[in-house]
Amino acid sequence: MASKVRSALFLVLSLLLFFDGGRSARNPVSVSHDGRSLKINDQRRLVISGSIHYPRSTPEMWPKLIEYAKDGGLDAIETYIFWNAHEPQRRQYNFDGRLDFVKFLKTVQEGGLYAVVRIGPYVCAEWNYGGLPVWLHNIPGMEIRTNNDAFKYEMAIFTRKIFSMMEDEGLLAWQGGPVILLQIENEYGNVMQQYGNAGKEYLKWAAGMAVSLNASVPWIMCQQSDAPAPMINTCNGFYCHDFEPNSPTSPKMWTENWTGWFKAFGSTNPHRPAEDLAYSVARFFQTGGTFQNYYMYHGGTNFGRTAGGPFITTSYDYDAPLDEYGQPRQPKWGHLKNLHSALKQMEKALIYGTRQNVSLGNDLEVTAAPQTVTSKQAKDDETGVENMVWHKESIFYNIRSKDLFPAQKLLEQITTAADRSDYMWYTTGVHVTEDDSFWNQGRVILRVNTSGHSLHVFVNSEHAGFAYGGYGHGAFNFEQPINLKPGKNYITLLSATVGLQNYGPLFELVPAGINTGPVEIVGSNNATKDLSRKVWLYKIGLRGEDDLFTNPKDFTWTSASDLPVNTLFIWYKAEFRAPNGSESVIVNLGSMGKGQAWVNGESIGRYWPLYTSPEDECSEPCDYRGPYNPSKCTTQCGEGTQIWYHVPRSWLNEGLNTLVLFEELGGDPSQIKFRTVH
């Protein structure tokens, strides 16, 4: 009945537009498909799309990004919907600022493009916890992404809310809005086998729930070879020309053509040559493709604590046609623009004509433009910092705080902290008896088995060591000598996450923090004492986080001509003037160690310049011939993975601006510089 009502409404709106002389800017559009192509208003169309994720840029950047996309020959913009950003606490929603996806979709339409909305609500996307709210983790009986009533209940509520918001705002194509495609779930076929029959039932449920919304636009499922009708299964990857849909009534669609790759702290900088990317697109359409989406067209920035992984960098540049700051990356952007123009000239032949494959007997190779050129830094616009003040993070306070709570075991960090902070404190007492030979006069070895991602050790409030894991190996062992005094000693372990796992079967069960340990002391003759089952005291977050952002009046800054540098666990605050111009601004944090940064109260993300990439994994000069993979054509060997950090121009004032840093490892903030990018 609902579909009949919408068909009648579509006819009425069309008649009204006819008698209105076509002056309305919101023309209703019908979207359908056959086995050969997507159809818009019953006309077969070749659709070129690009991913731009609204939270990874700012509303002030959106119009220019969309303008560049349209000028580059795109027909549509694709985005995920990020559940944990919109519902950080259960039934407490946030759709403001960078999270205003309705405004983003309206901006896409104002720019003359269609939209593809991938609701998920699991998204992967190198986003913290794959876009799922961490509060799901603590619901009794919860099993994520399987035939579990608790998960399906929460997923359905959020999916219906997002869909209703789009429908209420008239954003669906049949309403005259830009949305021509919707996606439910995401790459589930890559992990479904792990869930057995429960996974198959969940897949059917997800498809049925989506269809029940009566969207009147096609639904897609990516990487899902057994997607149930009427879902269209689609391909993700560097190449999809060999992909075939699972139904003769489904067109050949490519939801993620990876334009480059993401970066992790400690990795090199990946580049996908423009020649190879263009080849993959041309080959796809040559072999019957009808819809192709660049992932990413603009990658943007993982502001705040949104980066996943763990160990994904704050930059999500992705070597995309538009760089992190929104500027065209040449020759990639221009090369693809020319390709799109050529494809559009052949559109009818590609999607209406009968294909014939003719072998010439040899591969045809083409050599084109040189390697990537991206935004240029304007050094003449460089500004520094001034009026620097500081505040020492109190280790003593954090281990004696009124917010401490006890447990006679080691607690897993994600369950306990619920992602309220990167940091969680573990403290226990150890009594040393002078006449006990085990203690070896206080010189012992502390051994900690941790699920990651980094660990600071304190003995009696004094820093005694630091260790960390890496991308793909977040868990690690800490083993270093420590000195204990006769009598009572306090051992404090500060565990810090660097983004939560975002991909893989049962990824939500991958722990963080010290978890089950063990935590052991190795004494004389290699004898051990297990501290894991002692009473531990816990605290979530730093005192500075508590005071600076909730009780700023209680946060006291120290002003001194002799600024402490290369100091562990210290907060800095400085003022700076924005570089001249209207372009995006970047800040060089190469003089710092590891921590987090805020500009005028907005988090620009985690920084870790001291985490350098391997010396011997780069491949210059780049040879674009042959299949691409993320380890091919990399740069910046032996350098800090990310030195420059994005500061959106819209976050800056005309006069003085405020920079706040929390520094874990020590650095020199007086060397920080801001520049514009062109």
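See the structure shown above.
Cut-offs and rules
- Residues numbered from 1 in each chain as written.
- Predicted model: local features only at pLDDT ≥ 70, side-chain atom pairs only at ≥ 80, totals over all residues.
- Heavy atoms only, no water.
- Axes fitted to C-alpha atoms, helices over the stretch in contact; angles between N-to-C directions.
- Helix = DSSP H or I, 4+ residues; strand = E, 2+ residues; numbered from the N terminus.
- Parallel < 35°, antiparallel > 145°, perpendicular 65-115°, else oblique.
- Left-handed = near helix turned anticlockwise from the far one by under 90°.
- Contact = heavy atoms within 4.5 Å.
- Nonpolar A, V, L, I, M, F, W, Y, C, P; charged D, E, K, R; others polar.
- Disulfide = S-S within 2.5 Å.
- Buried < 20%, exposed > 50% of the residue type's maximum accessible area, 1.4 Å probe, protein only.
- Core = buried A, V, L, I, M, F, W, Y, C linked by side-chain atoms within 4.5 Å.

Draft legend 1. Spatial organisation of the packing of helix H2 (residues 62-71) against helix H4 (residues 101-110). In the contact formed by H2 and H4, the axes pass within 9 Å of each other and the chain directions differ by 40 degrees. It follows that H2 is oblique to H4 by the angle criterion. Crossing of H2 over H4 shows right-handed handedness. Between H2, through Trp62, Pro63 and Ile66, and H4, the contact on the second element is made entirely by Lys103, Phe104, Thr107 and Val108. Here the contact of H2 with H4 is composed, by residue class, of five nonpolar, one polar and one charged.

Draft legend 2. Representation of the state of the cysteines within the structure. Tallied over the full model, the rule gives three disulfides. In this model Cys235 forms its disulfide with Cys240; the gap between the sulfur atoms is 2.0 Å. Looking down the S-S bond of the Cys235 and Cys240 bridge, the torsion is -75 degrees, so its handedness is left-handed. Pair check on accessibility: Cys235 and Cys240 agree, each one buried. Paired through a disulfide, Cys618 and Cys637 show a sulfur-sulfur distance of 2.2 Å. Residues Cys618 and Cys637 are joined through a disulfide that is right-handed, its torsion about the S-S bond being 115 degrees. Residue Cys618 is located in the loop between strand S28 (602-607) and strand S29 (634-635), and its partner Cys637 is located in the loop between S29 and strand S30 (644-647); the two are separated by 19 residues in the primary sequence.

Draft legend 3. The nonpolar core, seen in detail. Met166 and Leu182 are the most contacted members of the largest nonpolar core, which has 118 residues in total. Sort the elements by how many residues they give to this core and helix H5 (residues 149-168) lands first, with seven residues. For Met166, the contacting residues outside a window of four places in its chain are Phe101, Leu105, Val117, Ile119, Leu171, Leu172, Gln175, Val179 and Leu182. By size, the runner-up hydrophobic cluster in this structure holds 32 residues, among which are Phe303, Ile604, Tyr645 and Leu652.

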